[in-house]
Amino acid sequence: MIDIDNAVKVFKEYIEPYNSMEDVAGFKLKEEHTYNVMKKSRELAELIGLDEENVKLAELLGLLHDIGRFDEMKIMNSFDANRFDHAKHGVEVLRENGLMRKFIADSKFDYVIERAIYHHNKLNIYKNRRWK
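From a predicted model like this one, the values you see are computed outputs, not experimental measurements.

Analysis parameters
- Residues numbered from 1 in each chain as written.
- Predicted model: local features only at pLDDT ≥ 70, side-chain atom pairs only at ≥ 80, totals over all residues.
- Heavy atoms only, no water.
- Helix = DSSP H or I, 4+ residues; strand = E, 2+ residues; numbered from the N terminus.
- Buried < 20%, exposed > 50% of the residue type's maximum accessible area, 1.4 Å probe, protein only.
- Polar contact = N/O pair within 3.5 Å; in protein donor to acceptor, adjacent residues only side chain to side chain.
- Contact = heavy atoms within 4.5 Å.
- Phe/Tyr/Trp six-rings, centres within 6.5 Å; stacked < 30°, edge-to-face > 60°.

Enquirer: How do you make sense of the side chain of His 65 when you look at a structure like this?
Expert: For His 65, the location among the structural elements is in the loop between α3 (52-64) and α4 (67-76). Judged by its relative accessible area of 10%, His 65 is buried. For His 65, the side chain forms a polar contact with the side chain of Asp 66, separated by 3.2 Å. The contact partners of His 65, leaving out residues within four places of it in the chain, are His 33, Thr 34, Val 37, His 86, Ile 117 and His 120.

Listed below in structure tokens is the structure:
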């Protein structure tokens with residue numbers, strides 16, 4: 001089962017060091033955006049009648065979809081989609097040092113989570129179907 005409360009706790013711990021960045025306002029906007037997407041993802045999943053496990057998966061995807069954005073600001077000193085693929089980077093972040101397991105104990109959703117994050121910012125998924 002997906003423990004959303006734990007995932008939010010882990011997310012807050014993960015983003016805490018970024019809270020001291022120069023662009024605190026930009027950081028706060030990204031944090032707020034993340035929680036809004038998480039909430040909307042849950043609402044949409046419930047609206048279309050998904051079972052509780054998939055509702056929680058949708059909620060987790062909303063939480064994790066922009067995890068690569070926080071490094072983007074640190075690395076690029078801006079949020080620039082033309083120079084930094086935050087979605088691809090987000091998948092890399094989750095793969096590093098077993099971070100995914102901190103968000104969700106079971107690996108059965110890893111493929112779905114990684115694909116959803118990787119593709120969430122792509123204009124044309126068909127052109128980006130090469131999955132790594």
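Enquirer: What is the right way to read the packing of aromatic side chains from this model?
Expert: Geometrically, a pair of aromatic rings is defined through the distance of the ring centres and the angle of the planes. A full pass over the atoms with the stated rule returns four aromatic pairs. On the basis of an interplanar angle of 80° and a centroid distance of 5.9 Å, the ring pair of Phe 11 and Tyr 35 is categorised as edge-to-face. On the criterion of sequence distance, the pair formed by Phe 11 in helix α1 (residues 4-15) and Tyr 35 in helix α2 (residues 24-47) is long-range, its members being 24 residues apart. Using a relative accessible area of 0% as the deciding quantity, one classes Phe 11 as buried. Taken together, a centroid distance of 5.8 Å and an interplanar angle of 45° make the contact between Tyr 14 and Tyr 18 tilted.

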